[in-house]
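Chain and residue survey
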Amino acid sequence: MEGPAQGTQFHVTYFASDSLVRRSEIDSILKVIDLSMSIYRKDSKISLFNQDSVMQIEMDKHMAHVIAASFRYNKLSKGQFDITIAPLVNLWGFGIKKARLLRIRQQFMPPSNL
């Protein structure tokens, strides 16, 4: 089975001689995750969390698990792991502020001779 999820595609391969997984079951799980942590949905928990105007948010269990794990890995790595990757995502050109950063990159990077 395959289809869209989280702004990309998923592909599920499984083997079970005693059961059948329906596409609707996978879709329902992915929808819950999308509503929690998809940066491609303006109504997801993570999108609300990332808004400057939002001062607090009630996390669901999926988001709480990811946030708790990020704190754990930040501590284990002595700060090398940082969940706040927005500056990098924007710099790479697929974040929310990609257009502005693309103009900045074009201003300071020499044109390619390809």
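This one's a predicted model, so the numbers in the text were calculated from it and none came from an experiment.

1. A look at the packing of helix H1 (residues 23-37) against helix H3 (residues 61-76)
- Contact pair H1 / H3: the axes reach a minimum separation of 8 Å and the direction vectors enclose 60 degrees. The orientation of H1 with respect to H3, classified from their angle, is oblique. As H1 packs across H3, the resulting crossing turns out to be right-handed. Across the interface between the two elements, Val32, Ile33, Ser36 and Met37 from H1 touch His62, Met63 and Val66 from H3.
- Looking at the contact of H1 with H3 residue by residue, the class counts come to 5 nonpolar, 2 polar and no charged.

2. Brief notes about the confidence of the model for the protein
- When pLDDT is averaged across the protein, the result is 81; 82% of the residues are at 70 or more.
- Element-level pLDDT for the protein is lowest in helix H5 (residues 98-108), with a mean of 57, against a maximum mean of 93 in H3.

3. Quick notes on the pattern of salt bridges
- Using the criterion set out here, one finds 2 salt bridges in the structure.
- With a shortest N-O distance of 3.0 Å, Asp27 and Arg23 are connected by a salt bridge. A residue pair is termed a helical-turn pair when its members lie 3 or 4 positions apart in one helix, as Asp27 and Arg23 do in helix H1 at 4 residues.
- Residue classification places Asp27 among the partly exposed residues on the basis of a relative accessible area of 31%.
- Take Arg23: its relative accessible area is 34%, and that puts it in the partly exposed class.

4. Overview of H1
- For H1, which comprises 15 residues, the first-to-last C-alpha distance of 21 Å matches the rise-based estimate of 21 Å (1.5 Å per residue) to within 8%.
- Of all the positions in H1, only Ile26, Asp34 and Ser36 are classed as buried. Down the axis of H1, the buried side of the element spans an arc of 165 degrees, and every buried residue falls inside it.
- Buried-residue contacts for H1 involve strand E1 (2-5), strand E2 (8-11), helix H2 (45-49) and H3.

5. Observations regarding the pairing of E1
- Pairing analysis gives 4 bridges linking E1 to E2, with the strands arranged antiparallel. If you follow Glu2 over to E2, its bridge partner there is His11.

6. So, the packing of aromatic side chains
- In this structure the tally under the stated criterion is 1 aromatic pair.
- Summarising the aromatic geometry, the rings of Tyr73 and Phe81 are spaced 6.3 Å apart at their centres and angled 70 degrees between planes, so their arrangement reads as edge-to-face.
- A relative accessible area of 36% places Phe81 in the partly exposed class.
- Here the basic side chain of Arg72 rests over the ring of Tyr73, its NZ or CZ set 5.3 Å away from the ring centre.

Reading the values: the criteria
- Residues numbered from 1 in each chain as written.
- Predicted model: local features only at pLDDT ≥ 70, side-chain atom pairs only at ≥ 80, totals over all residues.
- Heavy atoms only, no water.
- Axes fitted to C-alpha atoms, helices over the stretch in contact; angles between N-to-C directions.
- Helix = DSSP H or I, 4+ residues; strand = E, 2+ residues; numbered from the N terminus.
- Parallel < 35°, antiparallel > 145°, perpendicular 65-115°, else oblique.
- Left-handed = near helix turned anticlockwise from the far one by under 90°.
- Contact = heavy atoms within 4.5 Å.
- Nonpolar A, V, L, I, M, F, W, Y, C, P; charged D, E, K, R; others polar.
- pLDDT = per-residue confidence, 0-100.
- Salt bridge = Lys/Arg side-chain N within 4 Å of Asp/Glu carboxyl O.
- Buried < 20%, exposed > 50% of the residue type's maximum accessible area, 1.4 Å probe, protein only.
- Expected span 1.5 Å × (residues − 1).
- Arc of directions from axis to C-beta.
- Pairing = 2+ DSSP bridges.
- Phe/Tyr/Trp six-rings, centres within 6.5 Å; stacked < 30°, edge-to-face > 60°.
- Lys NZ or Arg CZ within 6 Å of the ring centre and 35° of its normal.

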